[in-house]
Each structure stands twice: as C-alpha cells, then as structure tokens.
Amino acid sequence: MVKPLNFIGAALLSTFAATSLQAQDASTVITSVNGTDITLGHVIASHARLPQQYRDLPPEVLFQGIIDQLTQQELLAQSLKDTPARVTTTLQNERRSLLAGEVIDALSSDAVAEDALKAAYEAQYADADLGKEYNAAHILVETQDEATALVEQLSDGADFAELAKEKSTGPSGPNGGDLGWFGTGAMVAPFEEAVVALSVGEVSQPVETQFGWHVILLKQDRIASAPSLDEVRADLSQRLQREAVDSYVANLLEGADITAADLSAIDPSIISNYELLSE
C-alpha cells in the first residue's frame, strides 16, 4: 500500500545539499543518500503509485515532495539492522507479481491489435445466426380472470395501449405496456415462449409468470442484426486478452518442471496465520 507523501519531514534533509541538474533519462541521479543513488526513475515510479488525489497536485509540489519521501525512506531503510522475514517474503512476492504483470501487459497489448479484433469480430458475427428480435407490449394483472377479461375486451376492439395505461400493474403500464425491442433470453421463459408463438399484431391468451398474469401484443419482429465492432470492442478485447494469457500460461505449464509438496498435512486456515512471517 502506498503511503501518503510526507511533507513534514524536510528537517531530515537539512544535512544534504540540493543539486541543480537537467534530467535526461530515468537513470539520472536526483540525490544520493549515504552512497545510495535515488534516480529520476525512482521518482517517476513512485509518482505512478500515488493515490489519484496526490497525483492531481501540481508537479512542482509533487516533484520535491517525492524526492523528500524517497530520501527519508532510504535513511530509514538504512537504519534497519536486520531485515524481517516478512519484508523479504513480501519483496519476493512483489517482484514476482511485477514481472508477471509485464508479461501479461505485453500479451494483452498484442492480443487486441486492430487486426486481431477485426478477425475475432468477423469470426463471431459474419455468419452467425443471431435469431429474431421482438417488439412487444403487455398488460400485467394479478389474476387469470382479470387477464381473460382483458383478452375479451381486446377482441371487442378495445385499444391495447389505453387498456395497459388503465389496468396494468407493471412499470410499463403508463407507457401503454410498451417493452421495446428485445431478443431471446431477455424475458422469463413463459413470457418469451408466448411471444415467439405469436404472429405480428396478434394478442396472446393469458400467460402466467412469477410476476402475475400477462396479456401480450406482438407489435413487430425482425431478424437480429450484428452489433458494430465498436459496440462489442470491450467484450472482444477482454476475451482475446484472457485467451492469450490462458494459452501462454498453459504452454508454460506444459513445459515447466513443477514439483508440488504434499499438502495433505497443511490446514488451509494457516493462510491467515501472519505470525509465521515473524519467525
């Protein structure tokens, strides 16, 4: 966890002379603490890990503040005589995580190149049977008798939208029962089955779902069209990145020499025994 910048420890720097320099690259030495260099790269890496509220501060404030913090941290670190086991273990985990993250970032970046995205899009949607979409309206009531009475009124020429506004208990009632366009899988099964069985302009018999009793009007239907690449770009990117990483890891596992210990004698609850890190 990144600690907030400490701007109150400037007194610790009183014995160090400030050096004026023109930074050229990440290896440029900003200050040296008892022979240990702190570089511009260290400052930039520290800035990258700051909470957003600190990164929003003016650069002229942050720059010196980060240098001060790194200098103080280096002094404190040098004052530690023996490195605790928990620190060594945590550093090993951090190193492992950072290196693995570099590989994942590279794989993910390559996986979502525009050509790869377009190829994945074509493969998924070019010849896909996307089924139908339906534009329907419904009137929702509590009992079958109420629904049956509505069907009779509609058969006698009553206006569906007006009945929905008057009788429907559902949230679409004030809008004439209109549900807009939806595809298969969007509605509960009994409702969807009734819609699929209707012809355009036809009104259903009463349909029961967990919400009550419905009278449904199928207003329109159409063959579903494929979404644009931009509409599915995020989902495709996530899938391609996941597949690229999974495939790479699978290949590494296949070629790795991994010897797992016998875990049968280890209680899994030990993962929260932090005292072991102090031994």
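Residues numbered from 1 in each chain as written. Predicted model: local features only at pLDDT ≥ 70, side-chain atom pairs only at ≥ 80, totals over all residues. Heavy atoms only, no water.

## Some words on unusual backbone geometry
In the Ramachandran plot, Asn34 falls in the positive-phi region, its phi being about 50° despite a non-glycine side chain. Relative to the helices and strands, Asn34 resides in the loop between strand 1 (29-33) and strand 2 (36-39). (Helix = DSSP H or I, 4+ residues; strand = E, 2+ residues; numbered from the N terminus.)

## A closer look at the packing of helix 4 (residues 85-111) against helix 9 (residues 229-255)
The N-to-C vectors of helix 4 and helix 9 enclose an angle of 130°; their axes lie 8 Å apart at closest approach. Regarding the angle of helix 4 to helix 9, the classification is oblique. Once helix 4 is placed against helix 9, the crossing between them reads as right-handed. Listed contacts from helix 9 to Val103, Ile104, Leu107, Ser108 and Ala111 of helix 4 are Leu240, Gln241, Ala244, Val245 and Tyr248. A breakdown of the residues in the contact of helix 4 with helix 9 according to their chemical character gives eight nonpolar, two polar and no charged. (Axes fitted to C-alpha atoms, helices over the stretch in contact; angles between N-to-C directions. Parallel < 35°, antiparallel > 145°, perpendicular 65-115°, else oblique. Left-handed = near helix turned anticlockwise from the far one by under 90°. Contact = heavy atoms within 4.5 Å. Nonpolar A, V, L, I, M, F, W, Y, C, P; charged D, E, K, R; others polar.)

## Digging into the confidence of the model for the protein
With 92% of its residues at a pLDDT of 70 or more, the protein has an overall mean of 90. Per-element mean pLDDT across the protein ranges from 89 in helix 2 (residues 52-55) up to 98 in strand 5 (residues 207-209). Confidence over residues 1-20 falls short of pLDDT 50; this stretch has 25 contacts with residues more than four positions distant or in other chains. (pLDDT = per-residue confidence, 0-100.)

## Brief notes about the pattern of salt bridges
Enumeration according to the criterion identifies eight salt bridges in this entry. Glu114 is the partner of Arg233 in a salt bridge, and the nearest nitrogen-oxygen pair spans 3.0 Å. Taken together, the positions of Arg233 in helix 9 and Glu114 in helix 5 (residues 114-125) put the pair 119 residues apart, joining distant regions of the chain. Here Arg233 falls in the partly exposed class, since its relative accessible area comes to 25%. Judged by its relative accessible area of 34%, Glu114 is partly exposed. Here Asp230 and Arg233 are joined by a salt bridge, their closest N and O atoms 2.9 Å apart. (Salt bridge = Lys/Arg side-chain N within 4 Å of Asp/Glu carboxyl O. Buried < 20%, exposed > 50% of the residue type's maximum accessible area, 1.4 Å probe, protein only.)

## A word on helix 7 (residues 160-167)
Turning to helix 7, its buried residues number three or more, namely Phe160, Leu163 and Ala164. Across the axial projection of helix 7, the buried residues extend over an arc of 100°, all falling on one side. Structurally, helix 7 contributes buried residues whose contacts are with strand 3 (132-141), helix 6 (144-155) and strand 6 (212-223). The N-cap residue of helix 7 is Asp159: its side-chain oxygen and the backbone nitrogen of Ala161 are 3.2 Å apart. (Arc of directions from axis to C-beta. Polar contact = N/O pair within 3.5 Å; in protein donor to acceptor, adjacent residues only side chain to side chain.)

## Some remarks on helix 1 (residues 40-48)
Residues of helix 1 that are buried include every one of Leu40, Val43 and Ser46, and no others. Here the buried residues of helix 1 occupy an arc of 125° about the axis, which is enough to place them on one side. Among the exposed residues of helix 1, those pointing more than 90 degrees away from its buried face are Ile44 and Ala48. Next to the buried residues of helix 1 lie strand 1, strand 2 and helix 3 (59-79).

## Topic: the nonpolar core
Ile139, Val141, Leu150, Phe160 and Val215 are the most contacted members of the largest nonpolar core, which totals 13 residues. Those elements giving two or more residues to this core turn out to be strand 3, helix 6, helix 7 and strand 6. Examining the composition of this core, we find that four residues originate from one element, helix 6, more than from any other. (Core = buried A, V, L, I, M, F, W, Y, C linked by side-chain atoms within 4.5 Å.)

## Observations concerning the sheet that holds strand 5
An order of 4-3-6-5 is seen for the four strands of this open sheet, with the pairing classed as antiparallel. Looking along the sheet, the strands with just one partner apiece sit at the ends: strand 4 (178-183) and strand 5. Taking the axes of each pair of neighbouring strands and ignoring which way they run, one obtains an average angle of 45° across the sheet. Examined bridge by bridge, strand 3 and strand 4 share five bridges and lie antiparallel to one another. Across the sheet, Ala137 pairs through a bridge with Asp178, a residue of strand 4. Here helix 7 sits on the sheet in contact with strand 3 and strand 6, set at roughly 45° to strand 3. (Pairing = 2+ DSSP bridges.)

## Some points on the side chain of Ser168
You can see Ser168 is positioned in the loop between helix 7 and strand 4. Apart from residues lying up to four places away in sequence, Ser168 is in contact with His138, Ile139, Leu140, Leu163 and Gly173.

## Overview of the packing of aromatic side chains
A full pass over the atoms with the stated rule returns two aromatic pairs. With 6.4 Å between their ring centres and 40° between their planes, Tyr134 and Phe182 make a pair best called tilted. Of the two residues, Tyr134 is situated in strand 3 and Phe182 in strand 4; the sequence distance between them amounts to 48 residues. Exposure remark for Tyr134: the relative accessible area of 8% places this residue in the buried category. (Phe/Tyr/Trp six-rings, centres within 6.5 Å; stacked < 30°, edge-to-face > 60°.)

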